[in-house]
Amino acid sequence: MNIQCIKTGFLEENCYILKKGNTYLVIDPGDDFFKLKNFIDGKVLGILITHRHFDHIGAVEDMVREYQVLVYERRNLQEGNYKIGDFCFRVIFTPGHSKDSVSYYFYEQEIMFTGDFLFYNDIGRCDLDGGSFEEMKLSIEKMKKFDHDIIIYPGHGKKTNLSFEKEKNIYFNS
């Protein structure tokens, strides 16, 4: 699987375009639809949303209109395993930054897209509408049960791995 990270909008949100063969999944198309479209030259199978804050969904309507695809998010998913085309992943509810926060774990590649739940050596803000530090702590406890080698692709900033976060991230050790 090929992963392209494109920074979008003034908050430099990470949109991820995943490619397998000639098919694509788009994670968090935050803005800059025409910029994102330049990275797609095949069939888009769906759009995965980690949460509905404006910087993560700005180009969703344009993507849906252009590619006639479904949007997968907290309100139409359950926790568990999914397969869209050749893409296999697990949906994990990770509230704390927002009520609708979802992480997507692509277990065959050992990679996870966490939106604004987990960043390099940090976590997402809990003081915004729908945020809860108590829920964040429960989501962190859930994440501690996953394999150390998982690569984390966050909603902003650089990627990290779960081993580093378990060892160095103060929120994982409090």
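Residues numbered from 1 in each chain as written. Predicted model: local features only at pLDDT ≥ 70, side-chain atom pairs only at ≥ 80, totals over all residues. Heavy atoms only, no water.

K.L.:
How do you make sense of helix 4 (residues 133-144) when you look at a structure like this?
P.N.:
Think of an α-helix as turning once every 3.6 residues; residues three or four places apart then point the same way. With 12 residues, helix 4 ought to run about 16 Å at 1.5 Å a step, and its terminal C-alpha atoms sit 16 Å apart, in line with that. Inspection of helix 4 places Met136, Ser139, Ile140 and Met143 among the buried residues, and these make up the whole buried set. Angularly, the buried residues of helix 4 cover 105 degrees about the axis, an arc narrow enough to put them on a single face. More than 90 degrees from the buried face of helix 4, the exposed residues found are Glu134 and Leu138. For helix 4, the secondary structure elements touched by its buried residues are strand 7 (87-93), strand 9 (111-115), strand 11 (122-123) and helix 5 (162-168). The N-cap of helix 4, judged by a side-chain oxygen 3.4 Å from the amide nitrogen of Glu134 a few residues on, is Ser132. (Helix = DSSP H or I, 4+ residues; strand = E, 2+ residues; numbered from the N terminus. Expected span 1.5 Å × (residues − 1). Buried < 20%, exposed > 50% of the residue type's maximum accessible area, 1.4 Å probe, protein only. Arc of directions from axis to C-beta. Contact = heavy atoms within 4.5 Å. Polar contact = N/O pair within 3.5 Å; in protein donor to acceptor, adjacent residues only side chain to side chain.)

K.L.:
Would you mind going over unusual backbone geometry with me for this structure?
P.N.:
The phi angle of most residues is negative, glycine excepted, and most peptide bonds adopt the trans form. Phi is positive for Asp32, close to 60 degrees, though the residue is something other than glycine. Topologically, Asp32 is positioned in the loop between strand 3 (23-27) and helix 1 (33-37). For Asp32, a relative accessible area of 29% translates into the label partly exposed. With a phi close to 50 degrees, Gln68 is a non-glycine residue in the positive phi region. Structurally, Gln68 is set in the loop between helix 3 (60-67) and strand 5 (71-72).

K.L.:
Got a minute to help me understand the pattern of salt bridges in this structure?
P.N.:
Close approach of charged atoms allows side chains with opposite charge to pair. Per the stated rule, a full pass over the model turns up 12 salt bridges. Among the ionic pairs, Glu66 bridges to Lys37, the shortest N-O distance being 3.1 Å. A residue pair is termed long-range when its members are at least 10 positions apart, and Glu66 in helix 3 and Lys37 in helix 1 qualify at 29 residues. Assessed through its relative accessible area of 39%, Glu66 is described here as partly exposed. According to the relative accessible area criterion, Lys37 is partly exposed, its value standing at 29%. Within this structure, Arg52, Glu73 and Arg75 form a network of salt bridges that share partners. (Salt bridge = Lys/Arg side-chain N within 4 Å of Asp/Glu carboxyl O.)

K.L.:
Just to check I follow, could you spell out the pairing of strand 1 (residues 2-8) for this structure?
P.N.:
Working note: regular strand, side chains alternate between the two faces of the sheet. With seven bridges joining them, strand 1 and strand 2 (residues 13-20) adopt antiparallel strand pairing. Paired with Ile6 across the two strands is Cys15, which belongs to strand 2. Hairpin connection between strand 1 and strand 2: a loop of four residues separates the two successive antiparallel strands, and Gly9 in this loop has a positive phi of roughly 70 degrees. (Pairing = 2+ DSSP bridges.)

K.L.:
Is there a simple way to explain the environment of Asp100 in this structure?
P.N.:
In this structure, Asp100 sits in the loop between strand 7 and strand 8 (102-106). Separated by 29 residues in sequence, Asp100 and Val71 place their C-alpha atoms 14 Å apart. Not counting residues within four places of it along the chain, the set of residues in contact with Asp100 comprises Thr50, His51, Arg52 and Arg74. In this structure the side chain of Asp100 is engaged in a polar contact, spanning 3.0 Å, whose partner is the backbone nitrogen of Arg52.

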